[in-house]
Every structure is written in C-alpha cells, then in structure tokens.
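Here's the letter readout for the chains.
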Amino acid sequence: MIQTRKIGDAKVTNVIEYSGPTHDPAFLFPEAERADIDRLESEMAPNHWVPHMGKLIVTIQFWIVQTGTSIIVIDTGVGNFKPRESIPRMHMLNGLVREWLVAAGAAPEEVTHVVITHLHADHVGWNTTWQDGRWVPTFPNATYYFPLDDFNFCKEGKNKEPGVIDVFGDSFFDSVMPVVDAGLAKMMRPGEEIADCLTVHPAEGHSPGQVTFRLESKGEVGIFCGDIFHSPLQIMRPEFNSGYCIWPEKAREVRLKMLNEAADQSALLLPVHFGAPYCGYARRQGDGFLFEPATW
Ligand SMILES: [Zn+2]
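What counts and how
Residues numbered from 1 in each chain as written. Predicted model: local features only at pLDDT ≥ 70, side-chain atom pairs only at ≥ 80, totals over all residues. Heavy atoms only, no water. Donors = N, O, S within 2.8 Å, 3.2 Å for Na, K, Ca; no water. Tetrahedral: all angles 85-135°; square planar, octahedral: opposite > 155°, others 65-115°. Helix = DSSP H or I, 4+ residues; strand = E, 2+ residues; numbered from the N terminus. Buried < 20%, exposed > 50% of the residue type's maximum accessible area, 1.4 Å probe, protein only. Disulfide = S-S within 2.5 Å. 1 Å grid on protein atoms, 1.4 Å probe; cavity = no way out; pocket = protein on both sides within 12 Å on 5 of 7 lines; lining within 4 Å. Points joined across faces, edges and corners; volume = space filled by probe spheres on them. Core = buried A, V, L, I, M, F, W, Y, C linked by side-chain atoms within 4.5 Å. Contact = heavy atoms within 4.5 Å. Pairing = 2+ DSSP bridges. Polar contact = N/O pair within 3.5 Å; in protein donor to acceptor, adjacent residues only side chain to side chain.

> What is the right way to read the coordination of the zinc ion from this model?
Tetrahedral metal sites with four donors have an ideal angle of 109.5 degrees; octahedral sites with six donors have ideal angles of 90 or 180 degrees. Looking at the metal site, the zinc ion is ligated by D122 (OD), H123 (NE2), D227 (OD) and H273 (NE2), spaced 2.1 to 2.2 Å from it. Its four donor atoms give the zinc ion angles of 87 to 163° at the centre, a pattern that matches the irregular case. Sequence spacing of the donor residues for the zinc ion, all on one chain, is D-H-x103-D-x45-H. Of this pair, D122 sits in the loop between β6 (113–115) and β7 (128–131) while H273 sits in the loop between β15 (268–270) and β16 (280–285), placing them 151 residues apart in sequence. The two residues D122 and H273 agree in class, both being buried.

> Would you mind going over the state of the cysteines with me for this structure?
In this structure the tally under the stated criterion is zero disulfides. Take C245: it sits in no disulfide, and the sulfur closest to it among the cysteines is that of C225, at 13 Å. Counting only cysteine sulfurs, C225 is the nearest neighbor of C279, a cysteine outside any disulfide, at a range of 9.7 Å. Taking relative accessible area as the criterion, C279 reaches 0% and is therefore assigned buried.

> Explanation requested: the layout of surface pockets in the structure shown.
To find leftover empty space, one rolls a probe the size of a water molecule over the atoms. The space that makes up the largest pocket amounts to roughly 490 Å³. Around the largest pocket, the lining comprises 28 residues; the ones closest to its centre are I87, M90, A121, V167 and Y244. With three residues, strand β2 (residues 10–23) is the single largest residue contributor to the lining of the largest pocket.

> I'm lost on the nonpolar core in this one. Help?
As a rule of thumb, soluble globular proteins bury nonpolar side chains together. Among the nonpolar cores identified, the biggest contains 29 residues, and I64, L101, V111, L119, F139 and Y144 are the most heavily contacted of them. Among the elements of the structure, β4 (55–67), β5 (70–74), α4 (97–103), β9 (143–147), α5 (148–155) and α6 (171–181) are those that each provide at least two residues to this core. Of all the elements, α6 adds the most residues to this core, at four residues. With 22 residues, the next largest nonpolar core counts A10, V65, I194 and C279 among its residues.

> How should I be thinking about the environment of F173 in this particular structure?
Looking at the element boundaries, F173 is found in helix α6. Residue class for F173 comes out exposed when judged on its relative accessible area of 54%. Considered as a pair, F173 and W135 are 38 residues apart in the sequence and their alpha carbons are 9.4 Å apart.

> Teacher, can you tell me more about the side chain of N159 here?
With respect to the helices, strands and loops of the structure, N159 is situated in the loop between α5 and α6. When its relative accessible area of 4% is taken as the criterion, N159 is described as buried. Once residues within four sequence positions are removed from consideration, N159 is found in contact with F153, C154, V164, D166, F168 and G169.

> How should the pairing of strand β17 (residues 288–293) be read in this particular structure?
For a regular strand, the rule is simple: side chains alternate between the two faces of the sheet. Relative to β17, β16 runs antiparallel, the two sharing six bridges. Each bridged residue has a counterpart across the sheet, and for R283 the counterpart in β17 is L290. Count of turn residues in the β16/β17 antiparallel hairpin: two residues, of which G286 carries a positive phi of about 60°.

> Can you help me understand the environment of R214 in this one?
On the secondary structure map, R214 appears in strand β13 (residues 211–217). In this structure R214 comes out as buried when scored by relative accessible area, which is 13%. Here the alpha-carbon distance between R214 and L269, two residues 55 residues apart in the chain, equals 9.7 Å. Leave out the neighbours within four places in its chain, and R214 touches C197, L198, T199, H201, V221, G222, I223, E261 and Q265. Here the side chain of R214 touches Q265 through a polar contact of 2.7 Å, side chain to side chain.

No statement about biological role is implied by the geometric values presented.
Rendered as structure tokens:
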C-alpha cells in the first residue's frame, strides 16, 4: 500500500510493510496506565488503538523522497527472510515491499540514497536481500547513510552489555555490515546535508545515535522523526517513553523539543510506526499538544 503527498517540490511516498493491532500498551509504554489511553480514546481509536482488544496499532513503513534526480529511501523496515525468532511477527517475513517500491517509482536499482534514523532491527531490514546464499545490498546503486554513534555502539558490542535494551540484535550483522563490506556505507553525524535536500539533526535517547531528517521546500517542512514517537499517544503525553528508549531522560527531552519545533513551524511529522494516516501535525493545546492527522 502506498500514498504520495507533496512537501513543496518534493514528492513524498510511504510504503507500508505491515500494520496492525500488535502491541500491549504495558509492553510498548511501560509508564502509561490503561486509563491514560482510555481518556484519549476519541483521538486514539480506531486508527491507533483498538479498545476492545486493548492493543495499540503499530505500523512498519518506509518513506521515499523524490526530488530532482534523487530517489531517497528513509528507514527500511524489517526485511524479507530475516531470522528473528524472538519476535515472531518479524520472523522470516515474505512480503511485497520490493513490488511496492517499484510501484512507487523507487525500484531498488534506481534508488540513489538510503538514509537510516537509527539502527534498530525494524529500521534496517530491507538494507539487504538474501541472494545466492548471502546478504547483499538491496539498493546496489545507492549510498547508505548510517548514524555514526549507533554504528559505533553496535560495532563495540555495547548493545550486548548486561542491562542494555538490545533492539539491534542480529540485524547489525545481516542488515548493516554487509552494506559496509560492499563499500556502499557512509557514516553520518548531525549537521550534515544529504542529497541537497535533507538535513541531519540529533535525536539520541531512543537509541544512542538516533537522528532525524528535515526536508524543507517552498516554505513547507517535513520531519522524518524516526522513533521519537511510536504513537500519537506520545504527542499528547510526551512524558511516556517507549520500552525501547535506552536513555529515558534524554528521550523525553528530545521529544519535547521536537514537539515545540514541529508546532512552531507547522511541520509535517513523518514517523515510522503510526497507524493511518501514518503522519500528521503536532498542534498546541493549552500547555500541551494535540495530534492532527494529515489529510489523505
Ligand atoms: Zn522502530
């Protein structure tokens, strides 16, 4: 499933790998009580929360930016045939992402840049494809941009240290290192500009090196905000971290800063895990914020 919208001159398309009522709130947002979500039911249901199941809807999607001669893929989901025994819904997928990429005008061999907000397993999977008994880059003519601090964290094995939430797992070896070994990877830091249209901004906290990408064209702003938010719940209650945030205080600080920036600039927030319509705006309401879904 794909949807396309414009941000100024840039064409922005999302490709959905899967979406569904998969997450118990106590698991995804350990600090939230059921009553916190019930109070926001009119904002959360039916696209982000299924009350009678008690499940949050979580999507895995990619964003594609087409501008000038560049075709940029932002984050790459879970991937096909990746062994993920510990997370059954991600284990050995055989989905239609490749076909949807072609439909969206982003056939893998035509993609010029792949940019990754952070290296968690659900954001790097389609970096590689299983072919002839090994993992090879899915986008053979692209330069892949990886956040340096996440890369170093995994490279040094810090994700495997006791007490660390390891959401990187084997994906570092089957979805990141094969790209590095093929000579297609560049490490990026906040402050850089990619493809003359995306600026890289710091957003550490959810992971050690998470970044966001800002697209500005003809006065319109879009922010590819990775996992600063997993759900509109965190726009309305920004103090709730996901259970995967490695540095809780920093993650809250980054979320609040992003909300203020997005509200001040009327920026379209383009996350990875929201339910339909998969992106939207943070609007001020009293001392807090409200989620305004984007129009289709
Ligand atoms: Zn994620």
